[in-house]
Structures are given as structure tokens and as C-alpha cells.
Amino acid sequence: MSENVTMTPTELRTDIPALQDGIYLNYGAHGPSPRYVVEAADEFVRTHEYESPIAADPYETAFAAFDRTRETVASFIGAEPDEIALTESTTGGINAFANAIDWQPGDVVVRTDLEHPAGILPWQRLEREGVEVRVVETEAGRIDPDEFAAAVTDAKLACFSALTWTHGTQLPVAELVDIAHDAGALALVDAVQVPGQLPMDVGEWGADAVAAAGHKWLLGLWGGGFLYVDRAVAEDLEPRAVGYRSVEDANADPYEYAAGARRLEVGSANPAPHVALGEAIGAISEVGIDTIEARIHRLASRLADGVPDDRLLSPRTPESGLVTIDVADPTATVERLAAAGIVVRELPSPDAIRASVHAVNTAAEVDRLLEELKREW
């Protein structure tokens, strides 16, 4: 997406009410929204409910909003609009894709041991139907391509993260996709930690499907997710959930699925979170994703440099804004930091805390976190 860089990270921060009090370092879970992102959603709801019932058609108003966001998302990630399905979340996108595949007992799914529950639970459900799930073990947030290749030899699908939520490491997405495709397997990527902090081009990855959402680094609202599906792959999908948005003609018998990824959308949904998603992408683009990536790297490096080697679980040279740190009692540390006005999160595995540093953070905030953590070392 071409960027019109007209805003600085500091100016973006000024527009985010939640950042005016306290130190927020949890963007890997939730990114607080700027005022105008929330206002865009509010304004759409007012228009949709107060004006369009009489002055227009509420369905046409909603569909036009969906189409605008679909185009914005497609441009932002290097796709075409008909390759974008609008979802509620990354979890929703992964499930939509998984549930549109004709699974048979004995089919194989491969995932890594680094996946978020969004990339674990759908496959656990399929295990109850006789699908085999293979888990590729990793080390310090790294995957061995040879071990991955061995696991996907006869697999139907491989699911893995582009950027690990556990260590903040970047997996070699294009390489893993090629390995999966060489084995005849589909490749589904969980990319939720990427948009808003790193450049994202699904064409370069070559994956069959990529699931993400806007409520983290993009600073959008909950409910504004999206799923990229390669156009050719989409034509072979037969979703189990079907509604009037899934088909070409809702009154046809038999029906025909809509072309492209839209067949994975179902029925009436509130467009407001996706209106906000479009607004959030616009704001990130005004700052410039290259500017954001560089600033995140500087701040995350400042944080990593202050953490002892035996405490740092993320790379010494950060690959993202996610920095995972070993502490004696993660629960107690998170609570103590919260009492000091610093928001981080506890991870279930590894048993540690994770700070998520965005471009809207400051060096002073990073130093304040280190000052508090040094009380434990």
C-alpha cells in the first residue's frame, strides 16, 4: 500500500486516550484505539441506524462499508479485494478456513508448539473426527525447517505463526510455505502480530490463507478481523456455515458459493468494527509502516539491552516489539507492575512476562519498566 506519511508516532500517541495515564506495553494482546478510530465506528452506527433506514437502504449501506474495508485491507497486505473475507477475529478466520475443508479420518494437520490457542483448538476439535495432529517442537522461538518438512510429508494442512506471540521471533514464512506446498499441503498462517508493526505482503509469503485482526498493533477495535485466501484455493472451499453473504444468489436453488474469499462470510454483522479497521489502517499508513518498524526496533532493543542474558527469552537483537522476560513469579510481577502503572502480560508458555513495545511508546517508558524489573534481579 502506498503510504502518505503525514503523522509522527508522537502525534499518533497524542490521539490515543488510554495512553495519557500509565505506561501501556501490551499491544500483542490489545492495542488501544485513537479517538478517530472509535469515532469512525460511532459515526457509521449513527448513520446506519438514524439515516439509512429512510434515506437509503441499510443493507446497501452496510455492504458498501464492507467493500471499502475489503479494498483497504487488500491494498495494505498486497492482495486483491476478492481474496479478503471480513471476520470477527484471527480465531474466526482460522476456523472459517478449517471448517471449509473436507476432512477425512486419517488426514494430517501440522502445527508448531508456538501457536496461540487460535491455532491449536480448531485442530483439537478435528482430532475427535479422526484427524491426526502433529506438533513440531521448536527451540527459543525457532523452527527447524528439516523437522517441519518431515512432519508435513503426508499432511493436508500446515498452520503456523508468522510472528510468534511467545518469543517475538519471525518464522521463515515463505520457506515454510514452500515446504508445505512441496508436500502437497495447504499453508495457513496466523499473522495477527504482524499488521501494524511490520510490513506485510501475502504475495511474498505465498500462503494459501492468512488470518489476522486489527485490534492489536493496528490499534483498531475488537471485531475487525480479516482472512486472506488465495483466489484459486477459495474456489475449492465449501464452508459449513452458509448465509446470504456466502452465495451469489441467496434465492437460487441450488445455490452457488460467492467467488473468492467472500464465501467464508455468512450473514448480517455490524460493519462498525470493520469501518474502524479501515480508519486504523489509514492512521498506521500516515505514520508509515517503515517508520513504525524502525522505532519499534529501537525501543525493543533498548529494552532487550537492559535485560540480563539469563532472563531474556526473546532474541538479543529483537525481531519485533514482543520481548519476553523470565521472572521468578510472573503473576506477582504483572500485578506489581500494574500497581506501578505499567501494563504487561503474563504468558502461559514460557512461564514468563511479555512486554509489547509499539512505536507510540517512549524511551522513558522502556527505562521505567527496566527500573522496576531490576528490583527482581
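Structure first, text after, so check above.
Basis of the calculations
- Residues numbered from 1 in each chain as written.
- Predicted model: local features only at pLDDT ≥ 70, side-chain atom pairs only at ≥ 80, totals over all residues.
- Heavy atoms only, no water.
- Helix = DSSP H or I, 4+ residues; strand = E, 2+ residues; numbered from the N terminus.
- Rg over C-alpha atoms; globule rule 2.2 N^0.38 Å.
- Buried < 20%, exposed > 50% of the residue type's maximum accessible area, 1.4 Å probe, protein only.
- Contact = heavy atoms within 4.5 Å.
- Areas by Shrake-Rupley, 256 points an atom, 1.4 Å probe, with all protein chains shown as cover.
- Lys, Arg positive; Asp, Glu negative; His and termini not counted.
- Charge placed at Lys NZ, Arg CZ, Asp CG, Glu CD.
- Polar contact = N/O pair within 3.5 Å; in protein donor to acceptor, adjacent residues only side chain to side chain.
- Axes fitted to C-alpha atoms, helices over the stretch in contact; angles between N-to-C directions.
- Parallel < 35°, antiparallel > 145°, perpendicular 65-115°, else oblique.
- Left-handed = near helix turned anticlockwise from the far one by under 90°.
- Nonpolar A, V, L, I, M, F, W, Y, C, P; charged D, E, K, R; others polar.
- Patch = residues over 30% accessible without salt bridge, like charges linked within 9 Å, V, L, I, M, F, W, Y side chains within 5 Å.
- Salt bridge = Lys/Arg side-chain N within 4 Å of Asp/Glu carboxyl O.
- Pairing = 2+ DSSP bridges.

Brief notes about the overall build of the protein chain
Argument step 1. Within the protein chain one finds 13 helices and 12 strands.
Argument step 2. Its C-alpha radius of gyration of 21 Å places the protein chain within 12% of the 21 Å reference for a compact globule of 377 residues.
Argument step 3. For the protein chain, buried positions account for 54% of its 377 residues.
Argument step 4. Intrachain contacts of the protein chain at a sequence separation of at least 6 include 69% that bridge at least 24 residues.
Argument step 5. Carbon and sulfur atoms make up 49% of the accessible area of the protein chain, which amounts to about 15,800 Å² in all.
Argument step 6. One way to put it: in the protein chain the 28 positive side-chain charges average out to a point 7 Å from where the 64 negative ones average out.

Things to note about the environment of Glu376
Argument step 1. As for its position among the elements, Glu376 is in the segment after helix H13 (363-373).
Argument step 2. Remark: the alpha-carbon pair of Glu376 and Leu25, spanning 351 residues in sequence, is separated by 19 Å.
Argument step 3. Beyond its immediate chain neighbours, meaning those up to four positions away, Glu376 contacts Arg311, Val327, Ala328, Thr333 and Arg336.
Argument step 4. A polar contact is formed between the side chain of Glu376 and the side chain of Arg336, at a distance of 2.9 Å.

As for the packing of helix H12 (residues 330-339) against H13
The packing of two helices is summarised by the inter-axis angle and the distance between the axes.
Argument step 1. Here H12 crosses H13 at 130°, and the two axes come no closer than 11 Å. If you check the angle between H12 and H13, you find them oblique. H12 and H13 meet at a crossing whose hand is right-handed. Across the interface between the two elements, Thr333, Arg336 and Leu337 from H12 touch Leu369, Glu372 and Leu373 from H13.
Argument step 2. When the residues that make up the contact of H12 with H13 are grouped by side-chain class, the tally is three nonpolar, one polar and two charged.

A few points about a negative patch on the surface
Argument step 1. Taken together, Asp113, Glu137, Asp144, Asp146, Glu147, Glu175, Asp178 and Asp182 make up a surface patch of like negative charges.
Argument step 2. Elements with a contribution of two residues or more to the negative patch: helix H6 (145-151) and helix H7 (173-182).
Argument step 3. Sort the elements by how many residues they give to the negative patch and H7 lands first, with three residues.
Argument step 4. Assignment of secondary structure puts Glu147 in helix H6.
Argument step 5. Among the residues examined, Glu147 registers a relative accessible area of 44% and is labelled partly exposed.

Comments concerning the side chain of Asp107
Argument step 1. Tracing the backbone shows Asp107 in the loop between helix H4 (90-98) and strand S3 (108-112).
Argument step 2. Here the side chain of Asp107 touches Lys156 through a polar contact of 3.1 Å, side chain to side chain.

Let's talk about the sheet that holds strand S9 (residues 322-325)
Argument step 1. An order of S9-S12-S11 is seen for the three strands of this open sheet, with the pairing classed as antiparallel. If you trace the sheet from one side to the other, it starts and ends with S9 and strand S11 (345-347), each paired once. Strand-to-strand twist in this sheet, taken as the mean axis angle between neighbours without regard to direction, amounts to 35°.
Argument step 2. Contacts from H12 reach S11 and strand S12 (352-356), with the element oriented near 40° to S12.

Notes on the pattern of salt bridges
Argument step 1. If you walk through the whole model with that rule in mind, you get 18 salt bridges.
Argument step 2. Here Glu129 ties to Arg125 by a salt bridge, and the two come within 2.7 Å at their closest N and O atoms.
Argument step 3. When its relative accessible area of 39% is taken as the criterion, Glu129 is described as partly exposed.
Argument step 4. Given the relative accessible area of 32%, Arg125 is considered partly exposed.
Argument step 5. In this structure, Arg263 and Glu235 form a salt bridge, with 3.2 Å as the shortest nitrogen-oxygen distance. Residue Arg263 is located in the loop between helix H9 (231-234) and helix H10 (272-287), and its partner Glu235 is located in the loop between H9 and H10; the two are separated by 28 residues in the primary sequence.
Argument step 6. Taking relative accessible area as the criterion, Glu235 reaches 40% and is therefore assigned partly exposed.

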